Amino acid sequence: MTAPMTSPQFKDNAHRALGDAQLQKALGNVRHAVIERRAAAAAALPEFEALRDQARDIRDHVLQHLDIYLEEYERKVTAAGGHVHFARTGDEACRIITGIARRRGAKSVTKGKSMVSEEIGLNGALERAGVEVIETDLGEYIIQLRGETPSHIIMPAVHLNQEDVEQEFRKRHTHLDAGRNLEDAETLLAEARGILRQKFLAADMGITGANFLVAETGTSIIVTNEGNGDLTQTLPKVHVVVASIEKIAPTLEDAAAIMRVLARSATGQDMSVYTTLSTGPRRPGDVDGPEEYHVVLVDNGRSAMLGTEFQDMLRCIRCGACMNHCPVYHAVGGHAYGWVYPGPMGAVLTPSLMGVDKGGHLPNASTFCGRCEDACPVRIPLPKLMRHWREREFERHLAPVRVRAGLSLWGFFARRPLLYRLGTSIAMRAMGWLGRKRGHFARVPFAGGWTSYRDFPTPQGGTFQAQWKKREKGRQGISR
Amino acid sequence: MKEARDQIFASIRRSLGVREGDAVRRQAAEARMEAARPGIQPVRGRGALEDRIAMFTRQAQSVSASVARVPRAADIPAEIACFLRDNNLPPAVRMGNDERLRDINWQGGGLEISHGASDGSQLNSVSHAEGGIAETGTLALVSGPHNPTTLNFLPDNHIVVVRGEAILATYEAIFAQLRTRFGKGVMPRTINLITGPSRSADIEQKLLLGAHGPRRLHVIILAESAGGDV
């Protein structure tokens, strides 16, 4: 079982997104606020760049020793009275979790935000097993009401505007006075808080993700701002942690080291409000906390990524900085990517986990501007990895016929420099002449995809190569 | 179950091109866990006690916590009463059985005290922190009957007492202290690192306080004033 995907229709999705005025308005919040906040937080900490190097090195070390750390982690969780389950696939993970729910007779389950639970399609599986699932992160709650998936890995409802939320609350919270004032974001938050508070107190089981799994101590760590994850895991009798196998941090010190780049990269905070370290269930004498503590470790394709050119992707700590800085994400939002993980990290991870035949379009959705790599706290070479996927897609003949034909045609000329120069210089001159009056073209043959959104400027002179030659000549003249 | 586990480990080792009994890798991993060495720690949290308290205070206030300082434990009830009054809150608080709080004389503060976990019906709670982290104005709280975790999240107003000398520079310093107290590799059930009151920016990136946890976080630092006089 995995979440449904529309990644193969990326182009259609992107088209629709570009024409969606509501979405475009909402995306403005990513384009500005988030980028500025991260830059300010990074600038305020002199050690930030060195901390990024360190975080990268820790993550590399973990991946190289993953089997050993997982064994130790499992040992420590068990010693603390917890249970560790291993799941090869999303389906297996869902079966384990619905099994726990069934055994405990759980009727309602609260959930903290967890991307891996989205990946494995956990909500659907629990609902099919007759369990009510309540997402408790405010953004997740809103999109669950709307029947949507997250459009961002840390800001799941970033594709929505305040009026969308108001509309949804009026539609769904019908037990409340229809004439109530919901003008402010504060009142929307207060309404959700009131409703979810009852759900927290009534839940039979709580499910959270994990930002880190500490091998040294058998501790799972969640990092949140709302406190919903803590209410989710503290109030019910059963706490289930679902996490992917690469979330390991060897020691508490390693987790702390990565924490310092996580919040800054994600939201521009120095530290998230709640960083919670959980080790096993309720202890003797405890007056609250879960009676049972389970960890479900999900592989779902990750172990196969180790040792390949895509191993670096497993360094990812899910901060979302790459999508916050991505001009393609800014333009089309997260849903266009068609699966759980959007933006540059999604463009690399989706084909890795779901296959290049399904996710192979996504790495094409990049201008290769490199801002994602610049912002990545663990320095994942995202453009390089996207290029690897493009090569794979081409090699496996998965690219559309027109793209392949175009590339072959270009390749034919590119391998014959004389012919290439002749052809381009004729074309440039012809276009310069044709467009001399207007200064731009509204349409260019074979470039409709480009010119339907903007004009093509009339070439101003010779080809790039001709101009370069001229420039180099001039410079040589000066240096002599 | 066992089969899934074994297959995942086999797949990891196959992908990495390593064998199970590989002593060199095992040693490297075990040495790292044994040493638990801190990495780069920001300079800004370091300094003498007064510097750390000042940094902690500044950082906590910058994330919308309120901070007060009292010289003696006996002053805590009056400070709590004052905070509640200032915010128009009823003079009733819930707390665990932490000795450091129990030893305080609560008579005369005009406060109604109840003990135990929270079931969601209490408006105000008081906890005693293990320590503070100057670097980010973060409180470290440890679960147990002394300071039940529900008190950190269910009441609207969370009041936390922390001793001045327990305010350390970094997270690593707090972890080192926990190791001394609980033993290497052993942890309390829950450690809550809390930096300011609960918040959400899920609606149009507008920052709102009091999402699911407390709307107010009031920190009381117990420390004699720098000059020694009150």
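Residues numbered from 1 in each chain as written. Chains lettered and ligands numbered in written order. Predicted model: local features only at pLDDT ≥ 70, side-chain atom pairs only at ≥ 80, totals over all residues. Heavy atoms only, no water.

Caption draft 1: Up close: the sheet that holds strand β6 (residues 138–142) of chain B. In space, the eight strands of this open sheet follow the order β8(A)-β5(A)-β6(A)-β9(A)-β9(B)-β6(B)-β5(B)-β8(B), with mixed pairing throughout. At either margin of the open sheet sits one strand with a lone partner, and together these are β8 (248–249) of chain A together with β8 (167–168) of chain B. Strand direction decides the pairing type here: β6(B) and strand β9 (residues 190–194) of chain B, joined by four bridges, are antiparallel. Bridging from a neighbouring strand, L139(B) pairs with I194(B) of β9(B). (Pairing = 2+ DSSP bridges. Helix = DSSP H or I, 4+ residues; strand = E, 2+ residues; numbered from the N terminus.)

Caption draft 2: Highlighting the pattern of salt bridges. Using the criterion set out here, one finds 55 salt bridges over all chains in the structure. The shortest N-O distance in the salt bridge between R69(B) and E50(B) comes to 2.8 Å. Of this pair, R69(B) sits in strand β1 (residues 66–70) while E50(B) sits in helix α3 (residues 49–62); the two residues are 19 residues apart in sequence, bridging distant segments of the chain. Classification of R69(B) by relative accessible area gives partly exposed; the value is 33%. Of the residues examined, E50(B) reaches a relative accessible area of 31% and is grouped as partly exposed. The partner of E130(B) in a salt bridge is R100(B), with the nearest N and O atoms 3.6 Å apart. In this pair, E130(B) sits in the loop between β4 (124–128) and β5 (131–133) while R100(B) sits in helix α5 (residues 99–102), placing the two residues 30 residues apart along the sequence. Using a relative accessible area of 16% as the deciding quantity, one classes E130(B) as buried. Overlapping salt bridges bring together D67(A), E71(A), R13(B), E20(B), D22(B), R25(B) and R26(B) as one network. (Salt bridge = Lys/Arg side-chain N within 4 Å of Asp/Glu carboxyl O. Buried < 20%, exposed > 50% of the residue type's maximum accessible area, 1.4 Å probe, protein only.)

Caption draft 3: Broad picture of the layout of surface pockets. Within this model, the largest pocket holds a volume of roughly 2300 Å³. V403(A), F446(A), A447(A), G449(A) and W450(A) are, among the 46 residues lining the largest pocket, the residues nearest its centre. Elements with a contribution of two residues or more to the lining of the largest pocket: α1 (10–18), α14 (327–332), α18 (382–395), α19 (401–414), α20 (417–434) and α21 (448–451) of chain A. At eight residues, the largest contribution of residues to the lining of the largest pocket is made by α20(A). Residues belonging to the lining of the largest pocket are distributed by class as follows: 29 nonpolar, 11 polar and six charged. Residues from two domains meet in the lining of the largest pocket; each of domain 1 (7–298) and domain 2 (402–479) of chain A gives at least three. The space that makes up the second largest pocket amounts to roughly 1100 Å³. Among the secondary structure elements, those contributing two or more residues to the lining of the second largest pocket are α6 (115–119), β6 (219–224), α11 (228–234), β7 (238–244) and α12 (252–266) of chain A together with α3 and β10 (199–200) of chain B. (1 Å grid on protein atoms, 1.4 Å probe; cavity = no way out; pocket = protein on both sides within 12 Å on 5 of 7 lines; lining within 4 Å. Points joined across faces, edges and corners; volume = space filled by probe spheres on them. Nonpolar A, V, L, I, M, F, W, Y, C, P; charged D, E, K, R; others polar. Domains from an automatic or database assignment.)

Caption draft 4: Representation of helix α1 (residues 2–16) of chain B in the model. Helix length check: α1(B) (15 residues) gives 21 Å between terminal C-alpha atoms against 21 Å at 1.5 Å per residue, within 8%. A4(B), R5(B), I8(B), F9(B), S11(B), I12(B), R13(B) and L16(B) are the residues of α1(B) that are buried. As for α1(B), its buried residues are in contact with α3 (48–64), α4 (66–79), β1 (83–87) and α5 (90–103) of chain A together with α2 (23–35) of chain B. Among the residues trailing α1(B), G17(B) stands out with phi positive, at a value near 70 degrees. (Expected span 1.5 Å × (residues − 1). Contact = heavy atoms within 4.5 Å.)

Caption draft 5: Spatial organisation of the sheet that holds strand β3 (residues 132–135) of chain A. Residue and element names in this part refer to chain A. Judged by pairing direction, the sheet is parallel, and its six strands sit side by side in the order β1-β10-β7-β4-β2-β3 without closing on themselves. Two strands close off the open sheet at either side, each with one partner strand: β1 and β3. Taking each pair of neighbouring strands and ignoring which way they run, the sheet shows an average axis angle of 20 degrees. Pairing analysis gives five bridges linking β1 to strand β10 (residues 292–298), with the strands arranged parallel. Residue H85 lies in a different strand from β10, and its bridge partner there is V296. (Axes fitted to C-alpha atoms, helices over the stretch in contact; angles between N-to-C directions.)

Caption draft 6: Representation of the side chain of T98(A) in the model. All names here are of chain A. Checked against the element boundaries, T98 lands in helix α5. We classify T98 as buried; its relative accessible area is 9%. Setting aside residues up to four positions removed in sequence, T98 forms contacts with A125, L126 and A129.

Caption draft 7: Representation of unusual backbone geometry. Residue N300(A) is not a glycine yet carries a positive backbone phi of 50 degrees. Tracing the chain through its elements places N300(A) in the loop between β10 and α13 (321–324). Its relative accessible area of 13% is what places N300(A) among the buried residues. Positive phi values are uncommon outside glycine, yet S64(B) reaches one of about 75 degrees. Mapped onto the elements of the fold, S64(B) is located in the loop between α3 and β1. Taking relative accessible area as the criterion, S64(B) reaches 36% and is therefore assigned partly exposed.

Caption draft 8: Representation of the packing of aromatic side chains in the model. All names here are of chain A. Here the structure, examined in full by the defined rule, presents nine aromatic pairs over all chains. When the centroid spacing of 4.2 Å and the interplanar angle of 10 degrees are considered together, the rings of F310 and W389 count as stacked. With F310 in the loop between β10 and α13 and W389 in helix α18, this pair connects stretches of sequence that are 79 residues apart. Aromatic rings pair up to connect F10, Y329 and Y337 into one cluster. The ring of W433 has R436 sitting right over it, with the charged end atom 4.4 Å from the ring centre. (Phe/Tyr/Trp six-rings, centres within 6.5 Å; stacked < 30°, edge-to-face > 60°. Lys NZ or Arg CZ within 6 Å of the ring centre and 35° of its normal.)

Caption draft 9: Local environment of the interface of chain A and chain B. With 102 residues of chain A in contact, the opposing surface of chain B contributes 77 residues. For the pair chain A and chain B, the summed buried surface comes to about 7500 Å²; carbon and sulfur atoms form 58% of the total. Of the charged contacts, one joins R13(B) and E71(A) as a salt bridge, the two residues approaching to 2.8 Å between their closest N and O atoms. One can count 47 residue pairs in polar contact (both at pLDDT 80 or more) joining chain A with chain B. Its residues placed into classes, the side of chain A that touches chain B shows 46 nonpolar, 29 polar and 27 charged. With five bridges connecting them, strand β9 (residues 274–278) of chain A and β9(B) associate as antiparallel partners. From the neighbouring strand, T276(A) faces β9(B), where its bridge partner is N192(B). (Buried area = accessible area lost by both parts, 1.4 Å probe. Polar contact = N/O pair within 3.5 Å; in protein donor to acceptor, adjacent residues only side chain to side chain.)

Caption draft 10: Local environment of the domain arrangement of chain B. Examined at the domain level, chain B breaks down into domain 1 (2–35) and domain 2 (44–222). Between the C-alpha centres of domain 1 of chain B and domain 2 of chain B the distance comes to 41 Å.

Caption draft 11: Structural view of the domain arrangement of chain A. Each assigned domain of chain A is listed here: domain 1 (7–298) and domain 2 (402–479). Placing the centre of domain 1 of chain A and that of domain 2 of chain A at their C-alpha centroids yields a distance of 49 Å.

Caption draft 12: Region of the structure containing helix α8 (residues 138–146) of chain A. With seven of its nine residues buried, α8(A) lies for the most part within the structure. Buried residues of α8(A): L138(A), G139(A), E140(A), Y141(A), I142(A), I143(A) and L145(A), and no others. Buried-residue contacts for α8(A) involve α6, β3, α9 (162–172) and α10 (185–202) of chain A together with β10 of chain B. Taking the backbone nitrogen of G139(A) as reference, a side-chain oxygen 3.1 Å away marks D137(A) as the first, capping residue of α8(A). Downstream of α8(A) by one or two residues, G147(A) has phi in the positive range, about 70 degrees.

Caption draft 13: View of the nonpolar core. Residue and element names in this part refer to chain A. By size, the foremost hydrophobic cluster in this structure holds 111 residues, and its most contacted members are M313 and M345. The dominant element in this core, judged by the number of residues it contributes, is α12, at nine residues. Beyond its immediate sequence surroundings of up to four residues, M345 is in contact with I153, M313, C316, R318, C322, M323 and L382. (Core = buried A, V, L, I, M, F, W, Y, C linked by side-chain atoms within 4.5 Å.)

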